[in-house]
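Structure at a glance
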Amino acid sequence: EYSMADIINFPWIRNPDRRNINLRAYPNLKRWHDAMETRPAVQRGCAVLTENQRKGAMTDAEREVMFGKTQFAVR
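1. Let's talk about the layout of surface pockets
- Size it by volume and the largest pocket reaches roughly 390 Å³.
- Surrounding the largest pocket, 17 residues form its lining, Pro11, Arg14, Gly45, Cys46 and Leu49 being those nearest its centre.
- Elements that contribute at least two residues to the lining of the largest pocket include exactly helix 1 (4-13) and helix 3 (40-55).
- Partitioning the lining of the largest pocket into residue classes produces eight nonpolar, five polar and four charged.

2. Some thoughts on helix 1
- Every buried residue belonging to helix 1 is among Asp6, Phe10 and Ile13, and all of these are buried. Around the axis of helix 1, the buried residues are gathered within 70° of arc, so they sit on the same side. For helix 1, exposure combined with an orientation more than 90 degrees from the buried face picks out Met4, Ile8 and Trp12.

Criteria and thresholds
Residues numbered from 1 in each chain as written. Predicted model: local features only at pLDDT ≥ 70, side-chain atom pairs only at ≥ 80, totals over all residues. Heavy atoms only, no water. 1 Å grid on protein atoms, 1.4 Å probe; cavity = no way out; pocket = protein on both sides within 12 Å on 5 of 7 lines; lining within 4 Å. Points joined across faces, edges and corners; volume = space filled by probe spheres on them. Helix = DSSP H or I, 4+ residues; strand = E, 2+ residues; numbered from the N terminus. Nonpolar A, V, L, I, M, F, W, Y, C, P; charged D, E, K, R; others polar. Buried < 20%, exposed > 50% of the residue type's maximum accessible area, 1.4 Å probe, protein only. Arc of directions from axis to C-beta.

So, in structure tokens, the structure goes:
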């Protein structure tokens, strides 16, 4: 079954080459990764990320809200 653990952990394994991880060295992890990549919801989520990357970098205001001191401010 698909669980919160899958949803939470997939982003950390999504781009193994960027992290110098050879998934072939971890056959069970590779099997899981490949299974997650084929899920339609995961593909839709990855498409959203790709589309947002095409739009360009965050503005300074967006970056401040996400990562700066105002990220936890009541709005």
